[in-house]
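Chain residues, written in single-letter form:
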Amino acid sequence: KTNIRMIIAIVVTYNPDYDLLTKQHDALASQADGFVYVDNNSQEQDFISEIKDEKTEIIQNDLNLGLAKAQNQGIALARQKGADFVILFDQDSVPPAGFIAGLQMCYLEQSKSHQVGLVGPAIRNMLKGNHENELGAAFKGISIKSVLVGNATEVSYCIASGSLIPMHVLEDVGGMEEKLFIDGLDLEWCLRARSKGYKIYQTRNTYLEHCLGDGTSRRIMSHSPIREYYIMRNAVWMIKRGYIPFGYRLRKLCLSIGRLLQSITAFSGKYIKADLKGIIDGIKL
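Residues numbered from 1 in each chain as written. Predicted model: local features only at pLDDT ≥ 70, side-chain atom pairs only at ≥ 80, totals over all residues. Heavy atoms only, no water.

Any chance you could explain the overall build of the chain here in plain terms?
Within the chain, the secondary structure is distributed over nine helices and ten strands. For 285 residues, the compact-globule estimate of 2.2 N^0.38 gives 19 Å, and the chain sits close to it at 19 Å. Each of the three principal axes of the chain carries a C-alpha extent, and together these read 55 × 45 × 35 Å. Here the contacts in the chain between residues at least 6 apart in sequence split such that 74% fall between residues at least 24 apart. For the chain, the accessible area works out to roughly 13400 Å², and carbon and sulfur atoms hold 52% of it. In the chain, which carries 33 positive and 31 negative side-chain charges, the distance between the mean positions of the two groups comes to 11 Å. (Helix = DSSP H or I, 4+ residues; strand = E, 2+ residues; numbered from the N terminus. Rg over C-alpha atoms; globule rule 2.2 N^0.38 Å. Contact = heavy atoms within 4.5 Å. Areas by Shrake-Rupley, 256 points an atom, 1.4 Å probe, with all protein chains shown as cover. Lys, Arg positive; Asp, Glu negative; His and termini not counted. Charge placed at Lys NZ, Arg CZ, Asp CG, Glu CD.)

So this is what it looks like as structure tokens:
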């Protein structure tokens, strides 16, 4: 399936920066065939009327249903509208000109000989302030090796924002795992797709500037206790999944033990409680 007829951009919002969201919408207006915004009950919703146009559908949730549920809502509506591809975006990701065309180029070339599950852009980490880290991630045992992203580089996973996904792959692999709520969604989906024989690519045909780091640090107190809870809970959940590579599950087990020990040695009651609750709920999940 190599034809690309309709691509719909799906953006999940939760108390977004209005200026960034407007820049994103303007940047994509001439690239995407349509938009689906899913708002997870933002406090201020004035921005919704500002981005509403003939190409845009908006789903407004009465509660914060989580990133995974919201993405699945957007995917379902895009399917109803006849999209054969979706492209996922965070609310603060502003793509450059020709962004979608660059992803399309990679997909069309690789799909001639491979089952392509997803194509993502090279990522420029704005927290580091340079372009030297346009690297992808490849699993090797318990290690995650960095690979330089070229025109079409196979990786183990990449972040969801800016990722082009064929609708037929979503129908085969399934949508985002709603039990995870927020942390680890993109990684879990990519590994699930890979377990079904699909390849995950990143391409340097285009790039996305992104502030990586929130929630990914192994250090406690680099984020809130509630985020610590989700990191721990979702790690335990992933350890139980048979389609996750054994080396990665072993890695998550070691890191989770390390997180708990960090919380204990730092005498941080809030984080110890978050970690323990995360472990218990992850076992139950």
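Once the structure has been displayed, the description carries forward.
Explanation requested: the confidence of the model for the chain in the structure shown.
Predicted coordinates in regions of low pLDDT should not be interpreted in detail. Mean pLDDT over the chain works out to 90, with 92% of the residues at or above the 70 mark. Across residues 213-218 the pLDDT falls below 50, and counting only partners more than four positions away or on other chains, this stretch makes 14 contacts in the model. (pLDDT = per-residue confidence, 0-100.)

Even after reading the chapter, I still don't get the packing of helix H7 (residues 225-239) against helix H9 (residues 269-284), so can you show me in this structure?
For any two helices packed against each other, the geometry comes down to the angle between their axes and how far apart the axes lie. Where H7 contacts H9, the two axes come as close as 7 Å, and the packing angle between them is 30 degrees. Between H7 and H9, the angle is such that the two are roughly parallel. When you trace H7 past H9, the crossing you get is right-handed. Between H7 and H9, the residues in contact are Pro225, Glu228, Tyr229, Met232, Arg233, Val236 and Trp237 and Lys270, Tyr271, Ala274, Asp275, Lys277, Gly278, Ile279, Asp281, Gly282 and Ile283, respectively. Partitioning the contact of H7 with H9 into residue classes produces nine nonpolar, two polar and six charged. (Axes fitted to C-alpha atoms, helices over the stretch in contact; angles between N-to-C directions. Parallel < 35°, antiparallel > 145°, perpendicular 65-115°, else oblique. Left-handed = near helix turned anticlockwise from the far one by under 90°. Nonpolar A, V, L, I, M, F, W, Y, C, P; charged D, E, K, R; others polar.)

I tried to follow the packing of aromatic side chains on my own but got confused; where do I start?
The description of an aromatic ring pair rests on the distance of the ring centres and on the angle between the ring planes. The tally for this structure, following the rule as stated, stands at seven aromatic pairs. Ring centres of Phe89 and Phe99 lie 5.8 Å apart, and the angle between their planes is 50 degrees; this geometry places the pair in the tilted category. Pair noted here: Phe89 is in strand S4 (residues 85-89) and Phe99 is in helix H4 (residues 99-110), with a separation of ten residues, a long-range link. Neither Phe89 nor Phe99 differs from the other in exposure class; each is buried. Where Phe139 meets Tyr157, the ring centres are 5.7 Å apart and the plane angle is 45 degrees; that geometry is what we call tilted. Placement of the pair is Phe139 in strand S6 (residues 135-140) and Tyr157 in the loop between strand S8 (153-155) and strand S9 (163-166), with a sequence separation of 18 residues. Residue classification places Tyr157 among the partly exposed positions, given a relative accessible area of 21%. One aromatic cluster in this structure is built from Phe139, Tyr157 and Tyr248. (Phe/Tyr/Trp six-rings, centres within 6.5 Å; stacked < 30°, edge-to-face > 60°. Buried < 20%, exposed > 50% of the residue type's maximum accessible area, 1.4 Å probe, protein only.)

Just checking my understanding: could you explain the state of the cysteines for this structure?
As used in these notes, a disulfide is a covalent bond between sulfur atoms, one from each of two cysteines. Counting across every chain of the model gives zero disulfides. Summary of cysteine pairing: Cys106 is not part of a disulfide, and the nearest cysteine sulfur, belonging to Cys158, is at 10 Å. In this structure Cys158 is not part of a disulfide, and its nearest cysteine sulfur, from Cys190, lies 5.0 Å away. (Disulfide = S-S within 2.5 Å.)

I keep staring at the environment of Arg259 and nothing clicks. Help me out?
The topology assignment puts Arg259 in helix H8 (residues 246-265). Arg259 sits 120 residues away from Phe139 along the chain, and the two C-alpha atoms are 21 Å apart.

It is not clear to me how the nonpolar core should be interpreted in this structure. Could you clarify?
Nonpolar side chains in soluble globular proteins tend to end up buried together. By size, the foremost hydrophobic cluster in this structure holds 38 residues, and its most contacted members are Val86, Ile165, Leu170, Trp189 and Ile200. If you tally residues by element for this core, the top one is helix H6 (residues 185-195), at six residues. Leaving out residues up to four positions away in the same chain, Val86 has contacts with Ile8, Ile10, Ile75, Ala78, Ser163, Leu164, Ile165, Met167 and Leu170. (Core = buried A, V, L, I, M, F, W, Y, C linked by side-chain atoms within 4.5 Å.)

Explain empty space enclosed by the protein here, please?
One water molecule sets the probe size; rolling that probe over the atoms shows where empty space is left. Scanning the entire structure with this criterion turns up one cavity of 30 Å³ or more. Roughly 40 Å³ of internal volume is contained in the largest cavity. Along the walls of the largest cavity sit Leu88, Leu118, Cys158, Ala160, Ile165, Met176, Asp186, Trp189 and Cys190, which together make up its complete lining. The greatest single-element share of the lining of the largest cavity, amounting to three residues, is contributed by H6. Class assignment of the residues belonging to the lining of the largest cavity gives a composition of eight nonpolar, no polar and one charged. (1 Å grid on protein atoms, 1.4 Å probe; cavity = no way out; pocket = protein on both sides within 12 Å on 5 of 7 lines; lining within 4 Å. Points joined across faces, edges and corners; volume = space filled by probe spheres on them.)

What is the right way to look at H8 in this model?
A rise of 1.5 Å per residue sets the reference length of H8, with its 20 residues, at 28 Å; its end C-alpha atoms lie 29 Å apart and thus fit the reference within 8%. Where H8 is concerned, the buried positions are Gly247, Tyr248, Arg251, Lys252, Ser256, Arg259, Leu260 and Ser263. (Expected span 1.5 Å × (residues − 1).)

Would you explain the pairing of strand S3 (residues 56-60) in this entry?
Along any regular strand, the residues point their side chains to alternate faces of the sheet. Bridge count between strand S2 (residues 34-39) and S3: five bridges; the pairing is parallel. Pairing of Phe35 across the sheet is with Thr56, part of S3. Handedness of the β-α-β unit built from S2, helix H2 (residues 46-51) and S3 comes out right-handed. (Pairing = 2+ DSSP bridges. Right-handed = clockwise from strand over helix to strand, strands pointing away.)

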